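# Structure at a glance
Below are the chains, spelled out letter by letter.
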Amino acid sequence: MSTSTVPAPGSPVDFGSRQVTAQRKLWSFTVSLRGVVVTAVLAALTCAVMIISIGSGSTDIPLSEVLGGLLGTADDGTILVVREWRLPRALLAGLFGLALGMSGAIFQSLTRNPLGSPDIIGFSAGSYSGALVVLLITGGGYFAVALGALTGGILTAFVVFVLAYRRGVQGFRLIIVGIGVSAMLSAFNTYLMLKAAPGEQLTAAVWGSGSLNGLTIETLLPVLVVLAVLLVPALALAPALRVLELGDDAAGSLGSRPTTARLAAILVGVALTALVTASAGPIAFIALVAPQIARRLTRSAGVGLIAAGMTGALLLVVSDCLAQRVFAPLQLPVGIVTVSIGGLYFIWLLVRETRRR
(Lines give C-alpha, C1' and ligand atoms only; values in the text may rest on other atoms or scores of the structure.)
Protein backbone atom coordinates (compact mmCIF):
# COMPACT_ATOMS: atom_id res chain seq x y z
CA MET A 1 0.00 0.00 0.00
CA SER A 2 1.36 3.37 -0.95
CA THR A 3 1.20 6.34 1.37
CA SER A 4 1.20 10.05 0.55
CA THR A 5 2.74 12.75 2.66
CA VAL A 6 2.32 16.49 2.61
CA PRO A 7 5.63 18.18 1.82
CA ALA A 8 7.10 20.49 4.39
CA PRO A 9 7.49 24.17 3.52
CA GLY A 10 10.70 24.75 1.66
CA SER A 11 10.82 21.31 0.05
CA PRO A 12 10.52 20.92 -3.73
CA VAL A 13 7.37 19.27 -5.07
CA ASP A 14 7.45 17.73 -8.51
CA PHE A 15 4.26 18.00 -10.62
CA GLY A 16 5.18 16.38 -13.93
CA SER A 17 7.49 18.74 -15.80
CA ARG A 18 7.08 21.54 -13.26
CA GLN A 19 8.92 21.90 -10.00
CA VAL A 20 7.30 23.98 -7.30
CA THR A 21 9.22 25.26 -4.30
CA ALA A 22 7.24 26.44 -1.27
CA GLN A 23 9.16 28.97 0.80
CA ARG A 24 7.21 31.40 2.99
CA LYS A 25 4.32 31.49 0.51
CA LEU A 26 6.62 32.49 -2.35
CA TRP A 27 6.27 30.30 -5.43
CA SER A 28 8.74 29.74 -8.20
CA PHE A 29 8.19 27.67 -11.32
CA THR A 30 10.54 26.28 -13.90
CA VAL A 31 9.85 27.62 -17.38
CA SER A 32 8.88 25.20 -20.13
CA LEU A 33 11.08 25.65 -23.18
CA ARG A 34 8.28 24.40 -25.43
CA GLY A 35 5.89 26.93 -23.88
CA VAL A 36 8.33 29.78 -24.56
CA VAL A 37 8.84 28.70 -28.18
CA VAL A 38 5.10 28.26 -28.79
CA THR A 39 4.35 31.67 -27.27
CA ALA A 40 7.03 33.33 -29.40
CA VAL A 41 5.69 31.68 -32.56
CA LEU A 42 2.13 32.77 -31.71
CA ALA A 43 3.34 36.35 -31.18
CA ALA A 44 5.17 36.33 -34.52
CA LEU A 45 2.12 34.96 -36.33
CA THR A 46 -0.09 37.59 -34.70
CA CYS A 47 2.21 40.37 -35.90
CA ALA A 48 2.30 38.87 -39.40
CA VAL A 49 -1.51 38.69 -39.61
CA MET A 50 -1.72 42.27 -38.34
CA ILE A 51 0.53 43.45 -41.17
CA ILE A 52 -1.55 41.51 -43.70
CA SER A 53 -4.74 43.02 -42.26
CA ILE A 54 -3.26 46.54 -42.42
CA GLY A 55 -2.17 46.06 -46.03
CA SER A 56 -5.48 44.73 -47.32
CA GLY A 57 -8.73 46.63 -47.64
CA SER A 58 -10.69 48.74 -50.09
CA THR A 59 -7.27 49.89 -51.30
CA ASP A 60 -4.51 47.29 -51.01
CA ILE A 61 -1.14 48.53 -49.78
CA PRO A 62 2.04 46.60 -50.69
CA LEU A 63 4.06 45.14 -47.83
CA SER A 64 6.95 47.53 -48.39
CA GLU A 65 4.65 50.54 -48.13
CA VAL A 66 2.96 49.12 -45.02
CA LEU A 67 6.35 48.86 -43.34
CA GLY A 68 7.20 52.33 -44.59
CA GLY A 69 3.97 53.69 -43.19
CA LEU A 70 4.67 52.08 -39.80
CA LEU A 71 8.22 53.46 -39.76
CA GLY A 72 7.17 56.87 -41.07
CA THR A 73 9.22 56.71 -44.29
CA ALA A 74 6.27 56.44 -46.73
CA ASP A 75 4.27 59.32 -48.19
CA ASP A 76 1.79 61.22 -46.03
CA GLY A 77 -1.28 59.49 -47.46
CA THR A 78 0.09 56.01 -46.76
CA ILE A 79 1.13 57.01 -43.24
CA LEU A 80 -2.38 58.35 -42.60
CA VAL A 81 -4.07 55.15 -43.77
CA VAL A 82 -1.64 52.81 -42.03
CA ARG A 83 -1.11 54.58 -38.71
CA GLU A 84 -4.34 56.45 -38.13
CA TRP A 85 -6.96 54.21 -39.76
CA ARG A 86 -5.86 50.57 -39.90
CA LEU A 87 -3.14 50.10 -37.24
CA PRO A 88 -5.35 50.98 -34.22
CA ARG A 89 -7.96 48.40 -35.19
CA ALA A 90 -5.34 45.68 -35.72
CA LEU A 91 -3.70 46.47 -32.37
CA LEU A 92 -7.06 46.53 -30.58
CA ALA A 93 -7.92 43.12 -32.02
CA GLY A 94 -4.66 41.75 -30.63
CA LEU A 95 -5.12 43.40 -27.23
CA PHE A 96 -8.73 42.26 -26.91
CA GLY A 97 -7.77 38.71 -27.89
CA LEU A 98 -4.99 38.77 -25.29
CA ALA A 99 -7.41 39.92 -22.59
CA LEU A 100 -10.05 37.32 -23.51
CA GLY A 101 -7.53 34.50 -23.72
CA MET A 102 -6.10 35.30 -20.30
CA SER A 103 -9.58 35.72 -18.81
CA GLY A 104 -10.61 32.32 -20.16
CA ALA A 105 -7.43 30.75 -18.76
CA ILE A 106 -8.16 32.22 -15.32
CA PHE A 107 -11.69 30.85 -15.15
CA GLN A 108 -10.79 27.46 -16.62
CA SER A 109 -8.05 27.14 -14.00
CA LEU A 110 -10.48 28.11 -11.23
CA THR A 111 -13.18 25.69 -12.34
CA ARG A 112 -10.79 22.99 -13.60
CA ASN A 113 -13.17 22.60 -16.51
CA PRO A 114 -12.72 23.42 -20.24
CA LEU A 115 -16.21 24.98 -20.25
CA GLY A 116 -15.30 27.44 -17.51
CA SER A 117 -15.04 30.60 -19.59
CA PRO A 118 -16.62 34.00 -18.83
CA ASP A 119 -19.10 33.75 -21.72
CA ILE A 120 -20.35 30.36 -20.49
CA ILE A 121 -20.41 31.18 -16.77
CA GLY A 122 -22.31 34.41 -17.39
CA PHE A 123 -19.74 37.06 -16.56
CA SER A 124 -19.69 38.32 -20.14
CA ALA A 125 -23.49 38.59 -20.06
CA GLY A 126 -23.22 40.54 -16.79
CA SER A 127 -20.72 42.95 -18.32
CA TYR A 128 -22.98 43.31 -21.35
CA SER A 129 -25.98 44.05 -19.10
CA GLY A 130 -24.09 46.73 -17.19
CA ALA A 131 -22.86 48.37 -20.37
CA LEU A 132 -26.30 48.12 -21.97
CA VAL A 133 -27.97 49.84 -19.02
CA VAL A 134 -25.55 52.75 -19.29
CA LEU A 135 -25.76 52.89 -23.09
CA LEU A 136 -29.56 52.77 -23.38
CA ILE A 137 -30.77 54.44 -20.19
CA THR A 138 -28.18 57.09 -19.36
CA GLY A 139 -26.60 57.48 -22.81
CA GLY A 140 -23.13 57.64 -21.28
CA GLY A 141 -19.86 57.86 -23.19
CA TYR A 142 -16.98 55.40 -23.41
CA PHE A 143 -15.78 55.65 -19.80
CA ALA A 144 -19.32 55.47 -18.43
CA VAL A 145 -20.00 52.36 -20.52
CA ALA A 146 -16.69 50.87 -19.34
CA LEU A 147 -17.62 51.48 -15.71
CA GLY A 148 -21.06 49.97 -16.32
CA ALA A 149 -19.53 46.87 -17.91
CA LEU A 150 -17.11 46.42 -15.01
CA THR A 151 -19.87 46.94 -12.43
CA GLY A 152 -22.21 44.51 -14.18
CA GLY A 153 -19.51 41.87 -14.44
CA ILE A 154 -18.49 42.19 -10.78
CA LEU A 155 -22.11 42.06 -9.56
CA THR A 156 -22.74 38.98 -11.70
CA ALA A 157 -19.58 37.33 -10.35
CA PHE A 158 -20.70 38.09 -6.79
CA VAL A 159 -24.16 36.59 -7.37
CA VAL A 160 -22.76 33.47 -9.04
CA PHE A 161 -20.14 33.05 -6.32
CA VAL A 162 -22.70 33.36 -3.50
CA LEU A 163 -25.18 30.99 -5.13
CA ALA A 164 -22.47 28.42 -5.89
CA TYR A 165 -20.82 28.57 -2.45
CA ARG A 166 -21.34 25.46 -0.32
CA ARG A 167 -18.40 25.19 2.08
CA GLY A 168 -16.26 26.20 -0.85
CA VAL A 169 -16.83 26.68 -4.56
CA GLN A 170 -16.70 23.64 -6.81
CA GLY A 171 -16.01 24.21 -10.50
CA PHE A 172 -18.96 22.22 -11.82
CA ARG A 173 -21.42 23.97 -9.48
CA LEU A 174 -20.01 27.36 -10.49
CA ILE A 175 -20.55 26.55 -14.18
CA ILE A 176 -24.14 25.33 -13.68
CA VAL A 177 -25.09 28.38 -11.59
CA GLY A 178 -23.35 30.65 -14.09
CA ILE A 179 -25.29 29.18 -17.01
CA GLY A 180 -28.56 29.83 -15.20
CA VAL A 181 -27.61 33.41 -14.32
CA SER A 182 -26.45 33.97 -17.90
CA ALA A 183 -29.86 32.86 -19.22
CA MET A 184 -31.63 35.29 -16.91
CA LEU A 185 -29.34 38.14 -17.92
CA SER A 186 -29.90 37.37 -21.60
CA ALA A 187 -33.64 37.72 -21.04
CA PHE A 188 -33.05 41.01 -19.22
CA ASN A 189 -30.89 42.29 -22.09
CA THR A 190 -33.62 41.40 -24.58
CA TYR A 191 -36.13 43.32 -22.46
CA LEU A 192 -33.89 46.39 -22.48
CA MET A 193 -33.55 46.18 -26.25
CA LEU A 194 -37.33 45.97 -26.74
CA LYS A 195 -37.87 49.05 -24.56
CA ALA A 196 -35.26 51.15 -26.35
CA ALA A 197 -35.91 53.57 -29.20
CA PRO A 198 -35.39 52.21 -32.75
CA GLY A 199 -32.14 54.14 -33.24
CA GLU A 200 -30.78 52.94 -29.92
CA GLN A 201 -31.82 49.39 -30.73
CA LEU A 202 -29.80 49.42 -33.95
CA THR A 203 -26.71 50.82 -32.23
CA ALA A 204 -26.96 48.37 -29.34
CA ALA A 205 -27.61 45.42 -31.67
CA VAL A 206 -24.50 46.09 -33.78
CA TRP A 207 -22.39 46.70 -30.69
CA GLY A 208 -23.88 43.67 -28.93
CA SER A 209 -22.75 41.32 -31.69
CA GLY A 210 -19.12 42.15 -30.91
CA SER A 211 -17.68 44.56 -33.45
CA LEU A 212 -14.39 46.37 -33.98
CA ASN A 213 -15.90 48.58 -36.69
CA GLY A 214 -15.47 52.24 -35.95
CA LEU A 215 -12.80 51.85 -33.27
CA THR A 216 -10.11 54.51 -33.63
CA ILE A 217 -6.81 55.53 -32.08
CA GLU A 218 -8.72 57.37 -29.33
CA THR A 219 -9.86 53.98 -28.00
CA LEU A 220 -6.40 52.42 -28.21
CA LEU A 221 -4.66 54.44 -25.48
CA PRO A 222 -7.14 53.82 -22.62
CA VAL A 223 -7.39 50.12 -23.54
CA LEU A 224 -3.60 49.83 -23.56
CA VAL A 225 -3.26 51.54 -20.18
CA VAL A 226 -6.01 49.53 -18.46
CA LEU A 227 -4.75 46.24 -19.90
CA ALA A 228 -1.19 46.99 -18.76
CA VAL A 229 -2.51 47.62 -15.24
CA LEU A 230 -4.54 44.39 -15.23
CA LEU A 231 -1.64 42.28 -16.50
CA VAL A 232 0.28 42.90 -13.27
CA PRO A 233 -2.18 41.17 -10.88
CA ALA A 234 -3.04 38.56 -13.52
CA LEU A 235 0.57 37.41 -13.84
CA ALA A 236 1.05 37.69 -10.09
CA LEU A 237 -1.88 35.31 -9.57
CA ALA A 238 -0.53 32.72 -12.03
CA PRO A 239 1.36 30.68 -9.38
CA ALA A 240 -1.71 30.64 -7.11
CA LEU A 241 -3.86 29.43 -10.00
CA ARG A 242 -1.43 26.57 -10.63
CA VAL A 243 -1.74 25.52 -7.00
CA LEU A 244 -5.55 25.85 -7.03
CA GLU A 245 -5.66 23.37 -9.91
CA LEU A 246 -4.50 20.75 -7.40
CA GLY A 247 -7.64 21.28 -5.29
CA ASP A 248 -8.42 23.38 -2.23
CA ASP A 249 -7.08 20.84 0.26
CA ALA A 250 -3.73 20.52 -1.48
CA ALA A 251 -3.53 24.28 -2.00
CA GLY A 252 -4.20 24.93 1.68
CA SER A 253 -1.57 22.40 2.76
CA LEU A 254 0.98 24.23 0.58
CA GLY A 255 0.30 27.53 2.33
CA SER A 256 -2.16 29.06 -0.13
CA ARG A 257 -5.46 30.70 0.77
CA PRO A 258 -7.90 29.23 -1.78
CA THR A 259 -10.88 31.50 -1.12
CA THR A 260 -8.83 34.72 -1.18
CA ALA A 261 -6.92 33.69 -4.28
CA ARG A 262 -10.13 32.63 -6.03
CA LEU A 263 -11.87 35.96 -5.30
CA ALA A 264 -8.87 37.95 -6.53
CA ALA A 265 -8.66 35.86 -9.69
CA ILE A 266 -12.39 36.30 -10.37
CA LEU A 267 -12.09 40.09 -10.05
CA VAL A 268 -9.14 40.21 -12.45
CA GLY A 269 -10.83 37.86 -14.93
CA VAL A 270 -14.06 39.89 -14.87
CA ALA A 271 -12.12 43.13 -15.35
CA LEU A 272 -10.36 41.69 -18.43
CA THR A 273 -13.70 40.65 -19.90
CA ALA A 274 -15.32 43.99 -19.06
CA LEU A 275 -12.49 45.86 -20.78
CA VAL A 276 -13.32 44.14 -24.06
CA THR A 277 -17.10 44.38 -23.62
CA ALA A 278 -16.95 48.11 -22.91
CA SER A 279 -15.06 48.82 -26.13
CA ALA A 280 -16.26 46.26 -28.66
CA GLY A 281 -19.24 44.52 -27.10
CA PRO A 282 -19.34 40.87 -26.05
CA ILE A 283 -17.01 38.83 -28.28
CA ALA A 284 -17.90 35.20 -27.73
CA PHE A 285 -15.88 31.97 -27.69
CA ILE A 286 -12.33 33.40 -27.77
CA ALA A 287 -12.08 33.00 -23.99
CA LEU A 288 -13.46 29.46 -24.31
CA VAL A 289 -11.32 28.19 -27.18
CA ALA A 290 -7.95 29.94 -26.73
CA PRO A 291 -6.87 28.31 -23.42
CA GLN A 292 -7.59 24.80 -24.69
CA ILE A 293 -5.72 25.36 -27.96
CA ALA A 294 -2.80 26.83 -26.00
CA ARG A 295 -2.74 23.88 -23.59
CA ARG A 296 -2.54 21.43 -26.48
CA LEU A 297 0.14 23.43 -28.29
CA THR A 298 2.33 23.71 -25.20
CA ARG A 299 1.46 20.16 -24.02
CA SER A 300 1.17 21.42 -20.47
CA ALA A 301 -0.90 19.88 -17.70
CA GLY A 302 -2.49 23.22 -16.77
CA VAL A 303 -3.66 26.33 -18.57
CA GLY A 304 -0.90 28.92 -19.01
CA LEU A 305 -1.98 32.57 -18.93
CA ILE A 306 0.58 33.96 -21.37
CA ALA A 307 0.21 31.18 -23.94
CA ALA A 308 -3.59 31.41 -23.71
CA GLY A 309 -3.43 35.18 -24.11
CA MET A 310 -1.25 34.98 -27.23
CA THR A 311 -3.50 32.28 -28.69
CA GLY A 312 -6.50 34.54 -28.08
CA ALA A 313 -4.69 37.45 -29.73
CA LEU A 314 -3.94 35.39 -32.85
CA LEU A 315 -7.49 34.02 -33.04
CA LEU A 316 -9.11 37.44 -32.78
CA VAL A 317 -6.73 39.11 -35.22
CA VAL A 318 -7.41 36.35 -37.76
CA SER A 319 -11.15 36.56 -37.10
CA ASP A 320 -11.18 40.33 -37.60
CA CYS A 321 -9.19 40.02 -40.81
CA LEU A 322 -11.77 37.51 -42.10
CA ALA A 323 -14.65 39.72 -40.93
CA GLN A 324 -13.27 42.61 -42.97
CA ARG A 325 -12.30 40.72 -46.12
CA VAL A 326 -14.56 37.71 -46.73
CA PHE A 327 -17.65 39.72 -47.71
CA ALA A 328 -15.88 42.97 -48.67
CA PRO A 329 -16.90 45.74 -49.02
CA LEU A 330 -19.39 44.62 -46.34
CA GLN A 331 -17.63 44.40 -42.97
CA LEU A 332 -19.08 41.86 -40.57
CA PRO A 333 -18.95 42.19 -36.80
CA VAL A 334 -16.04 40.09 -35.60
CA GLY A 335 -18.36 38.34 -33.14
CA ILE A 336 -20.04 36.52 -36.04
CA VAL A 337 -16.70 34.98 -37.05
CA THR A 338 -15.76 34.03 -33.47
CA VAL A 339 -19.15 32.36 -32.99
CA SER A 340 -18.43 30.28 -36.11
CA ILE A 341 -15.05 29.31 -34.66
CA GLY A 342 -16.76 28.39 -31.40
CA GLY A 343 -19.28 26.24 -33.25
CA LEU A 344 -16.50 24.36 -35.03
CA TYR A 345 -14.76 23.88 -31.67
CA PHE A 346 -17.88 22.38 -30.11
CA ILE A 347 -18.32 20.03 -33.08
CA TRP A 348 -14.71 18.90 -32.74
CA LEU A 349 -15.12 18.45 -28.98
CA LEU A 350 -18.28 16.40 -29.49
CA VAL A 351 -16.63 14.14 -32.07
CA ARG A 352 -13.58 13.72 -29.82
CA GLU A 353 -15.65 12.76 -26.79
CA THR A 354 -17.75 10.35 -28.87
CA ARG A 355 -14.67 8.57 -30.17
CA ARG A 356 -13.19 8.39 -26.67
CA ARG A 357 -16.30 6.68 -25.33
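In what follows, the structure referred to is the one given above.
Because the structure is predicted, anything quoted here is derived from the model rather than measured. (Residues numbered from 1 in each chain as written. Predicted model: local features only at pLDDT ≥ 70, side-chain atom pairs only at ≥ 80, totals over all residues. Heavy atoms only, no water.)

## So, the overall build of the chain
Along the chain, the regular secondary structure elements total 14 helices and three strands. A buried classification covers 49% of the 357 residues belonging to the chain. Carbon and sulfur atoms make up 69% of the accessible area of the chain, which amounts to about 17,500 Å² in all. (Helix = DSSP H or I, 4+ residues; strand = E, 2+ residues; numbered from the N terminus. Buried < 20%, exposed > 50% of the residue type's maximum accessible area, 1.4 Å probe, protein only. Areas by Shrake-Rupley, 256 points an atom, 1.4 Å probe, with all protein chains shown as cover.)

## Some words on the layout of surface pockets
Of the voids in this model, the second largest pocket is the one considered here, and its volume is about 350 Å³. As for the second largest pocket, its lining consists of 18 residues, of which R86, R89, Q324, R325 and Q331 are closest to the centre. Put simply, the parts of the chain that give the lining of the second largest pocket at least two residues each are α3 (76-111) and α13 (305-325). It is α3 that contributes the most residues to the lining of the second largest pocket, five residues altogether. (1 Å grid on protein atoms, 1.4 Å probe; cavity = no way out; pocket = protein on both sides within 12 Å on 5 of 7 lines; lining within 4 Å. Points joined across faces, edges and corners; volume = space filled by probe spheres on them.)

## Some details on the packing of aromatic side chains
Applying the stated rule across the entire model yields one aromatic pair. Note on F107 and F123: the rings are 4.9 Å apart at their centroids and 55° apart in plane angle, and the pair reads as tilted. Note that F107 is positioned in helix α3 and F123 in helix α5 (residues 123-138), a separation of 16 residues in sequence. (Phe/Tyr/Trp six-rings, centres within 6.5 Å; stacked < 30°, edge-to-face > 60°.)

## Things to note about helix α1 (residues 33-55)
End to end, α1 covers 33 Å across 23 residues, agreeing with the expected 33 Å (1.5 Å per residue, within 8%). Every buried residue belonging to α1 is among G35, V38, T39, L42, T46, V49, M50, S53, I54 and G55, and all of these are buried. On the buried face of α1, the contacting elements are α2 (63-71), α3, α12 (286-298) and α13. (Expected span 1.5 Å × (residues − 1). Contact = heavy atoms within 4.5 Å.)

## With respect to α5
Here α5 spans 22 Å end to end across 16 residues, near enough to the 22 Å set by a 1.5 Å rise per residue. Extensive coverage of α5 is indicated by the burial of 12 of its 16 residues. When α5 is considered as a whole, its buried residues turn out to be F123, S124, A125, G126, S127, Y128, S129, G130, A131, L132, V134 and L136. Just beyond α5, the residue with positive phi is G139, at close to 65°.

## Examining empty space enclosed by the protein
In total, this model carries two cavities of 30 Å³ or more according to the counting rule given. Considering only enclosed or pocket space, the second largest cavity measures out at about 30 Å³ in volume. L100, S124, T273, V276, T277, G281, P282 and I283 are the residues that line the second largest cavity. Among the residues making up the lining of the second largest cavity, the classes are represented as four nonpolar, four polar and no charged. (Nonpolar A, V, L, I, M, F, W, Y, C, P; charged D, E, K, R; others polar.)

## Details of the nonpolar core
The biggest cluster of nonpolar side chains holds 75 residues, and the ones touching the most others in it are F96, I106, L110, L272 and I283. Counting residues per element, this core draws most heavily on α3, at 15 residues. Counting residues in each nonpolar core, the second largest holds 14 residues, with A131, A149, A196 and A278 among its members. (Core = buried A, V, L, I, M, F, W, Y, C linked by side-chain atoms within 4.5 Å.)

## Regarding unusual backbone geometry
For R112, which is not glycine, the phi dihedral falls at a positive 55°. With respect to the helices and strands, R112 occurs in the loop between α3 and α4 (118-121). Accessibility expressed as a relative area gives 51% for R112, which makes it exposed. Positioned with a positive phi, F285 is a non-glycine residue whose angle comes to about 75°. Position of F285 among the secondary structure elements: in the loop between α11 (258-280) and α12.

## Some details on the packing of α2 against α3
Direction vectors running N to C along α2 and α3 enclose 80°, while the axes themselves pass 8 Å from each other. Looking at the two axes, α2 sits roughly perpendicular to α3. In contact with E65, V66, G69, L70 and L71 of α2, α3 contributes T78, I79, V82, R83 and L87. The residue inventory of the contact of α2 with α3, partitioned by class, reads six nonpolar, two polar and two charged. (Axes fitted to C-alpha atoms, helices over the stretch in contact; angles between N-to-C directions. Parallel < 35°, antiparallel > 145°, perpendicular 65-115°, else oblique.)

## Points about the packing of α3 against α13
Running from N to C, α3 and α13 point in directions that differ by 135°, and their axes come no closer than 6 Å. Relative to α13, the element α3 is oriented oblique. Relative to α13, the crossing made by α3 is right-handed. From α3, R89, A90, A93, G94, F96, G97, L98, G101, M102, A105 and I106 reach across to α13, where they touch L305, A308, G309, M310, G312, A313, L316, V317, D320 and Q324. Across the contact of α3 with α13, the residue classes break down as 13 nonpolar, six polar and two charged. (Left-handed = near helix turned anticlockwise from the far one by under 90°.)

## A word on the side chain of S53
Relative to the assigned elements, S53 resides in helix α1. Each residue touching S53, except ones within four places of it in the same chain, is listed here: C321, Q324 and R325.

## Observations regarding a nonpolar patch on the surface
On the surface, V318, L322, V326, F327 and L330 cluster together into a nonpolar patch covering about 450 Å² of accessible area. Within the element layout of this structure, L322 appears in helix α13. Residue classification places L322 among the partly exposed residues on the basis of a relative accessible area of 40%. (Patch = residues over 30% accessible without salt bridge, like charges linked within 9 Å, V, L, I, M, F, W, Y side chains within 5 Å. Salt bridge = Lys/Arg side-chain N within 4 Å of Asp/Glu carboxyl O.)

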